[in-house]
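Given next are the chains, with one letter for each unit.
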Amino acid sequence: MKTIMITALILISAICGQAQNKVPASHGFWVVESNINKPKVQTVRFYSDDSKLLYEETVNTKLNLKREKVQLALNQISNKLYENKQYMESKKLIALAFNLKR
C-alpha cells in the first residue's frame, strides 16, 4: 500500500510539476564565428529578428559557448542591442561583459 501511494505521488508531481525556464526569452540572435587557423580569435555578430546586423565585435579569446553563463551573457547583450535597434560601433560590449583584455 505504501509503495502504491509513493508511486502515485511521484506520478502526480511529475505530471503537474513544471521546470523553470533558465533561458529568458530573447529578441534577435547572435552568431559566433572562428577560423581553423586562428581558433582563439572569434567574431561575434548580433542580429535583429529580421536578420539585420546590430553589432559586431572581434575578441581575442575563445568563448566557451557550452557554458550557460556565456550563453546568458550573450543573450542579455542581444536583448539590450535589440532595444536600441541601431548599429553600434566599437563599444567593446563583449569585452566588458566578460572582463576581457582590450
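Up top you'll find the structure we're talking about.
As the structure is a computational prediction, the values presented were derived from the model and not from experiment.

Caption draft 1: Up close: the side chain of asparagine 75. Considering the arrangement of structural elements, one finds asparagine 75 in helix 2 (residues 68–84). On the basis of relative accessible area, asparagine 75 is assigned to the buried category, the value being 11%. Among the polar contacts made by the side chain of asparagine 75, one reaches the side chain of tryptophan 30 at a distance of 2.8 Å.

Caption draft 2: Examining the pairing of strand 3 (residues 53–59) more closely. With six bridges joining them, strand 2 (residues 42–47) and strand 3 adopt antiparallel strand pairing. Among the inter-strand pairings, threonine 43 is bridged to a residue of strand 3, identified as threonine 58.

Caption draft 3: The arrangement of the environment of alanine 73 in detail. Tracing the sequence through the fold places alanine 73 in helix 2. Residue classification places alanine 73 among the buried positions, given a relative accessible area of 15%. Sequence separation between alanine 73 and alanine 97 is 24 residues, and the spatial gap between their C-alpha atoms is 7.1 Å.

Caption draft 4: Geometry of the nonpolar core. Formed by Val44, Phe46, Leu54, Tyr55, Val59, Leu63, Val70, Leu74, Ile77, Leu81 and Ile94, the largest nonpolar core amounts to 11 residues. Only strand 2, strand 3 and helix 2 provide two or more residues apiece to this core. For leucine 63, the contacting residues outside a window of four places in its chain are Gln42, Val44, Val70, Ile94 and Phe98.

Caption draft 5: Expanded view of the packing of aromatic side chains. Enumeration over the complete set of coordinates arrives at two aromatic pairs. Ring centres of phenylalanine 46 and tyrosine 55 lie 6.2 Å apart, and the angle between their planes is 35°; on these two criteria the pair is classed as tilted. Taking relative accessible area as the criterion, phenylalanine 46 reaches 0% and is therefore assigned buried.

Caption draft 6: Quick peek at the pattern of salt bridges. Counted by the stated rule, this structure contains two salt bridges. With a shortest N-O distance of 2.6 Å, arginine 45 and glutamate 33 are connected by a salt bridge. Placement of the pair is arginine 45 in strand 2 and glutamate 33 in strand 1 (residues 29–34), with a sequence separation of 12 residues. Its salt-bridge partner being glutamate 56, residue arginine 45 comes within 3.0 Å of it at the nearest N-O pair. In this pair, arginine 45 is assigned in strand 2 and glutamate 56 in strand 3, connecting sequence segments 11 residues apart. Connected through shared salt-bridge partners, Glu33, Arg45 and Glu56 make up one network.

Conventions used here
Residues numbered from 1 in each chain as written. Predicted model: local features only at pLDDT ≥ 70, side-chain atom pairs only at ≥ 80, totals over all residues. Heavy atoms only, no water. Helix = DSSP H or I, 4+ residues; strand = E, 2+ residues; numbered from the N terminus. Buried < 20%, exposed > 50% of the residue type's maximum accessible area, 1.4 Å probe, protein only. Polar contact = N/O pair within 3.5 Å; in protein donor to acceptor, adjacent residues only side chain to side chain. Pairing = 2+ DSSP bridges. Core = buried A, V, L, I, M, F, W, Y, C linked by side-chain atoms within 4.5 Å. Contact = heavy atoms within 4.5 Å. Phe/Tyr/Trp six-rings, centres within 6.5 Å; stacked < 30°, edge-to-face > 60°. Salt bridge = Lys/Arg side-chain N within 4 Å of Asp/Glu carboxyl O.

Honestly, it's all geometry; don't read function into it.
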